[in-house]
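Close look at the chain arrangement
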Amino acid sequence: MAEYSLLEAVNLALHFEMEKDPDVLLLGEDVGINGGVFRASSGLIEAFGAERVVDTPLAESVIVGMAIGIAAQRLRPIAELQFMGFIYPAVDQIINHAARLRNRTRGRITCPMVIRAPYGGGIHAPEHHSESTEALFAHMPGIRVVIPSSPARAYGLLLAAIRDPDPVVFLEPKRVYRLGKQEIENSGEALPLDTCFVLRDGIDITLVSWGAMIKETLESAALLAQQGIDAEVIDVATISPLDMQTILDSVARTGRCVIVHEAARSFGVGAEIAAQLADKGITSLLAPVKRVTGFDTVMPLYRSEDQYMPGTNRIIDAVLASMEYR
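A brief look at the structure comes next. Everything numeric here is computed off the predicted structure, so don't read it as measured data. Positions within a chain are numbered from 1, following the residues in the order the chain's sequence is written. Per-residue local features of the predicted model are confined to residues with pLDDT of at least 70, and side-chain atom pairs are confined, for both listing and counting, to 80 or more; whole-chain, interface and lining totals are unaffected and use all residues. Excluding hydrogens and water, the side-chain figures rest on all heavy atoms present in the structure.

1. Let's talk about unusual backbone geometry
Cis geometry is adopted by the peptide bond preceding Pro241, which originates at Ser240 and carries an omega value of -5 degrees. Helix and strand assignments follow DSSP, with helices taken as H or I runs no shorter than four residues and strands as E runs no shorter than two, numbered in order from the N terminus. Here Pro241 lies in the loop between strand E12 (238-240) and helix H9 (244-254). With a phi close to 65 degrees, Asp30 is a non-glycine residue in the positive phi region. The topology assignment puts Asp30 in the loop between strand E2 (24-28) and helix H2 (44-48). You can call Asp30 partly exposed: its relative accessible area is 33%. Residues other than glycine seldom take positive phi values, yet Phe267 does so here, at roughly 65 degrees. Within the secondary structure, Phe267 is located in the loop between strand E13 (257-260) and helix H10 (269-280). With a 1.4 Å probe rolled over the protein chains alone, any residue whose accessible area is under 20% of its type maximum counts as buried; one over 50% counts as exposed, and the rest are partly exposed.

2. Side note on the state of the cysteines
Every disulfide links exactly two cysteines, by a covalent bond between their sulfur atoms. When two cysteine sulfur atoms lie within 2.5 Å, the pair is treated as a disulfide. Inspection of every chain in the model, using the stated rule, returns zero disulfides. Left without a disulfide partner, Cys257 is nearest to the cysteine sulfur of Cys196, which lies 11 Å away. With relative accessibility at 0%, the residue Cys257 sits in the buried group.

3. Structural notes on the pattern of salt bridges
Salt bridges are defined by distance alone: a side-chain nitrogen of Lys or Arg within 4 Å of a carboxyl oxygen of Asp or Glu. One pass over the full model with this rule turns up 14 salt bridges. Arg163 is the salt-bridge partner of Glu17, the closest N and O atoms lying 2.9 Å from each other. With a gap of 146 residues between them, Glu17 in helix H1 (residues 6-20) and Arg163 in helix H7 (residues 151-163) connect regions that are remote in the sequence. Look at the salt bridges and you will find they share partners, linking Arg175, Lys215, Glu216 and Glu219 into a network.

4. Overview of the sheet that holds strand E3 (residues 53-55)
Taking strand neighbours across the sheet as the criterion, the seven strands line up as E3-E2-E4-E5-E7-E6-E12 in an open arrangement whose pairing is mixed. If you trace the sheet from one side to the other, it starts and ends with E3 and E12, each paired once. Neighbour-to-neighbour, the strand axes of this sheet turn through a mean angle of 20 degrees, independent of strand direction. At least two DSSP bridges between two strands are required for those strands to pair. Note that E2 and E3 share three bridges and pair parallel. Opposite Leu27, over in E3, you have Val54 as the bridge partner. Axes, fitted as lines to C-alpha atoms, cover a helix only where it is in contact. Angles between the N-to-C directions of the axes lie from 0 to 180 degrees.

Printed below as a string of structure tokens:
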């Protein structure tokens, strides 16, 4: 099997599904001739033509609004927004229309569309290019929020998102776009949505994360193993709807949990996981749930970016603090 980076896996999934299903089309700023700002759609306009790979004006509300209209006509649009920080002009369209179309029409019309956006920090980008505001969309009923953390999961989850009958916000962690490669069979096999993936089995503590922070979480688990601490690592993957049962089952075995995300600490997805653990898993917990997160500030510019992003030292410190409880 060939090896692909996460960025190449996204391109592979787009190409596969557009070739398989003529109802799938891609629209966004520079997705055609330039192949996207990160080249995720490179080669698609040559393969499928300008009617299915559409370069749009720099108007995010228009891009998403067009996609909603197209989806309402039973096609399957994929709207690319260049960065998550540019998504806010389209929030009205996403929340008031895409998320509500099934409910508004009593199921007569669905909205099978995907909104793709590179997201997260760690690449020394300017302002508005490093947002991690997934909780904003996870809070809204009617929208799936999916965040892959590896090439294979990007491929399988994007296929599933395109095939889903409801709108999916698909956030691609750009810090790991080209970080490494993974073998992928281009078979068109989708991965399940709404499911956590257990990446590493362990008995002492559960580490929960998603997106680019899976890298530091797995590195921390390997370092902890050298200290005799066996950490289980869970990749949430679908932020909403949340597969809480997998996390609860893990904590029932380990008794401890540390949640890792780069988004701001307050009112985030990590807080929701912690709240559900307190509500449904309190009898399993041997220690308070810990969170290792970004700070309640705007993502700083690159000179201070490393101080904002959670690293292995902070994760390991949280684990050691949790292990002190007996």
